[in-house]
Amino acid sequence: MNRTMNSYRVKWLIRCLALLIFANASFAQSPAEDFNVLTTNARGILPDALNQIAFGFLNEREKQIARLTTREDITTRQRYIRERFLKAIGGLPERTPLNPKVVGTLKREGYRIEKIIFESMPKFYVTANLYVPETGRGPFPAILMPLGHEEGGKAHDAWQRVAITLVKNGFVLLLFEPVSQGERVQLYDADFGESKVRWSTSEHTFAGTQCLLLGHSFARHTIWDAMRALDYLVSRPEVDAQRIGVTGNSGGGTMTAYLSALEDRIKVAAPSCYLTNWKSLLETIGPQDAEQNLPPWLADGLDQPDFVIAFAPKPMLMMSAIRDFFPIAGARQTFRESKRIYGLLGADEKFQMVEADDGHGYSLPRRLAAYRWLNRWLKGVDAPIAEPEMEIESEADLRCTETGQVISALGGETIFSLNRAEAGRVKPQRNAPQSPEDVRRLQQEIRTQAQRLTGFAKPTNKPALRTFSTIARNGYHIEKLSIESEATLPIPALLFVPDGAPGKRHMLLYIHENGKAAEAKAGAEIETLVRSGSMVLAIDLLGLGETREDADRMWSEFGDFYSAMTAILSSKTLVGMRTQNVISAVDMLAARNDVEMESLSVYSNGKAAVPVLHAAALDERIKRVALEEMLVSYDAVSTWKIHYQIFSDIVPGALAAYDLPDLAAAIAPRKLTILNAVNPRRILMELRDVKPHYQFAQHAFAVAGASSSLVIAERKPGQPLAKWLP
């Protein structure tokens, strides 16, 4: 543990402990009232199902790659890779002046280190060190070195060893700091002297969540920084622009692979500790932080070997660690597949792999292999280069800013300010509806966009119902059910049925973020509703309740990240899949002869609320809906820099098409109650702060002749739900 534990992470730990205690209390039932329905691997249902979808895409891709047999086939594949890659990241920004400045120089024996600041976008400052030989004749071959996620940024020991070794052997090197590294911390806390969220990867994923909502990838920013760094590098008179290589480790290995696929100016590449394949990732560590994911990569039939294929037949050395967390088995499979492509192009010797029996990092065996590879292909000398004795510079000496942080020394833009400005540009500017017909057209537009972006497909078959057992209680009984449909995985459910004469009853669909058992105990909220005469169906949405994932797969601050990202990579969303759960449950109720569908009501809260809002907007059989502790809007996410457990609510591209208040407008004139809305930190908001988000929806309800049907209110502790869903 780092000696500095900031208050934010302390709060996370406290919250996680509280959640663990709550979960144990919520799900530990007495033997007489075991509310679990599924008997095997309930917690693996969601990740296993998503992996199978992903594996289907990957298996089809394997067949496509096997059919590549000619140079023309490979050229066509390369065009496809680049086209889909650029689309996945949302395209590239406009080139603007770099405005580079050399702010200091360190003179060393045989070379100098220039301290550089440039703007990859207007006022978006990038800090870098340029290592330039002071012996020999230029122009020299040059190496762009994107950095990994290790602490210290450009001052990290391994990066300096690479730079000093190569500059002493006649190479120019540019080491530039990516977003959240070194002097470019985006959530810098001056009191603690580090990021508010401690890790660069956490900053990436907070910003990446915003990027997804805006319809692009966080990788767009990291790639653009790298391309602009390359622009600067080739502008230097000391550099031979026809002899440019790139190498990096971990996150720098990621960027090396990305640039290899996208940048024609790169002639030689040596990625370290990154390349594996997606099947191995999904079977082990799962999707990683934001820039590692390029939705909908898997659905587009792409995998990590495609970075190599796109670069062929130029020289690439693939460097791996046998004991890396990036699986070595996947790395070997990627090598074999890519080696065949190089062979078809008559360039077998230009693609090689080096393995070292060590762990993650740019260790000496990989560094030595990279030196020889870069020397061979950029200087025509196939001979080893040994690391010399060297003095490692201090982080302070390599700084480009007076304070050691761009944000305090220069100000300018951050990734978050760029995202907020983008949100203002992409959000639809809708005219307020003036007539009921206008409202209907608006609703159809919103529903169409929601279906398209969530990947929702309405179930077409009648769901099957399996009854497992019955629990008898005073005045009612509970049926343990599983709702099964070809469109969804099994949905565990509890049906609470009041005793009495047969006939149609008022029906409430109850969907709690902690699952069907959360309020199922005797004396809890569901019993109160049943004793008032309602029949209640409580269900577990996919990945919640009984089917919630194992805790060791969770990133507690993001919530359901692994499954949500796997879904997004496969052109699906958890929102869409859970919306299908809700509508399958409605289909099941509609098929019963004891349900009064004309007054069907739905209650939901927390992480279950956003899918229920989507379901209510898409299915008019839901007549009344109450949503408690729901995320107030997607727009709020673009304003708040730090979020908590909202990743499962994310719909890529939503902010450019619709927002949660738009879905509310799509429910008019039916009854919608929003209770205790929360901000992106999952903190209860004041009503005066919630209502402005819903002004457009309120107007739509008024034009539809149902002003009183949209209620935004506070539910105080102890207030019965029947007050809001009579």
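Residues numbered from 1 in each chain as written. Predicted model: local features only at pLDDT ≥ 70, side-chain atom pairs only at ≥ 80, totals over all residues. Heavy atoms only, no water.

Enquirer: Break down the pattern of salt bridges for me, with residues and values.
Expert: Inspection of every chain in the model, using the stated rule, returns 52 salt bridges. Taking the shortest distance from any N to any O, the salt bridge between R84 and E83 comes out at 3.8 Å. By relative accessible area, which is 48% here, E83 ends up partly exposed. Residue E177 is joined to K154 by a salt bridge in which the shortest nitrogen-to-oxygen separation is 2.8 Å. Taken together, the positions of E177 in the loop between β5 (172-176) and β6 (188-189) and K154 in the loop between β4 (140-146) and α4 (157-167) put the pair 23 residues apart, joining distant regions of the chain. Take E177: its relative accessible area is 1%, and that puts it in the buried class. Overall, K154 belongs to the buried group, its relative accessible area being 3%. Three or more residues are tied together by salt bridges with common partners; here these are K107, R112, E114, E134, R236 and E238. (Salt bridge = Lys/Arg side-chain N within 4 Å of Asp/Glu carboxyl O. Buried < 20%, exposed > 50% of the residue type's maximum accessible area, 1.4 Å probe, protein only. Helix = DSSP H or I, 4+ residues; strand = E, 2+ residues; numbered from the N terminus.)

Enquirer: I'd like a rundown of the sheet that holds strand β8 (residues 239-249), residues and numbers included.
Expert: Across the sheet, which stays open at both edges, the nine strands sit in the order β1-β2-β3-β5-β4-β8-β9-β10-β11 with mixed pairing between neighbours. In this open sheet, the two edge strands, each paired with only one partner strand, are β1 (101-108) and β11 (351-356). Geometrically, the sheet is characterised by an average inter-axis angle of 20° between neighbouring strands, direction not taken into account. The pairing of β8 with strand β9 (residues 268-272) spans five bridges and is classified as parallel. Following the sheet pairing, V246 is matched in β9 by A269. Taken strand by strand, helix α7 (residues 251-262) contacts β4, β8, β9 and β10 (316-321), and its axis lies near 140° from that of β8. (Pairing = 2+ DSSP bridges. Axes fitted to C-alpha atoms, helices over the stretch in contact; angles between N-to-C directions. Contact = heavy atoms within 4.5 Å.)

Enquirer: Quick one: what's the story with empty space enclosed by the protein, residue by residue and with numbers?
Expert: Rolled over the atoms, a probe with the dimensions of a water molecule shows which regions are left empty. Taken as a whole and assessed by the stated rule, the structure comprises six cavities of 30 Å³ or more. Within this model, the largest cavity holds a volume of roughly 120 Å³. Lining the largest cavity are P146, L147, H149, F176, P178, H204, T222, D225, G251, G252, M255 and E291. For the lining of the largest cavity, the element with the highest residue contribution is α7, accounting for three residues. Class assignment for the residues of the lining of the largest cavity results in five nonpolar, five polar and two charged. Size it by volume and the second largest cavity reaches roughly 80 Å³. Along the walls of the second largest cavity sit F124, Y125, E183, R184, V185, Q186, V406, I407, G411, E413 and T414, which together make up its complete lining. Counting only elements with at least two residues in the lining of the second largest cavity, the list comes to β3 (124-133) and α12 (406-409). The residue inventory of the lining of the second largest cavity, partitioned by class, reads five nonpolar, three polar and three charged. (1 Å grid on protein atoms, 1.4 Å probe; cavity = no way out; pocket = protein on both sides within 12 Å on 5 of 7 lines; lining within 4 Å. Points joined across faces, edges and corners; volume = space filled by probe spheres on them. Nonpolar A, V, L, I, M, F, W, Y, C, P; charged D, E, K, R; others polar.)

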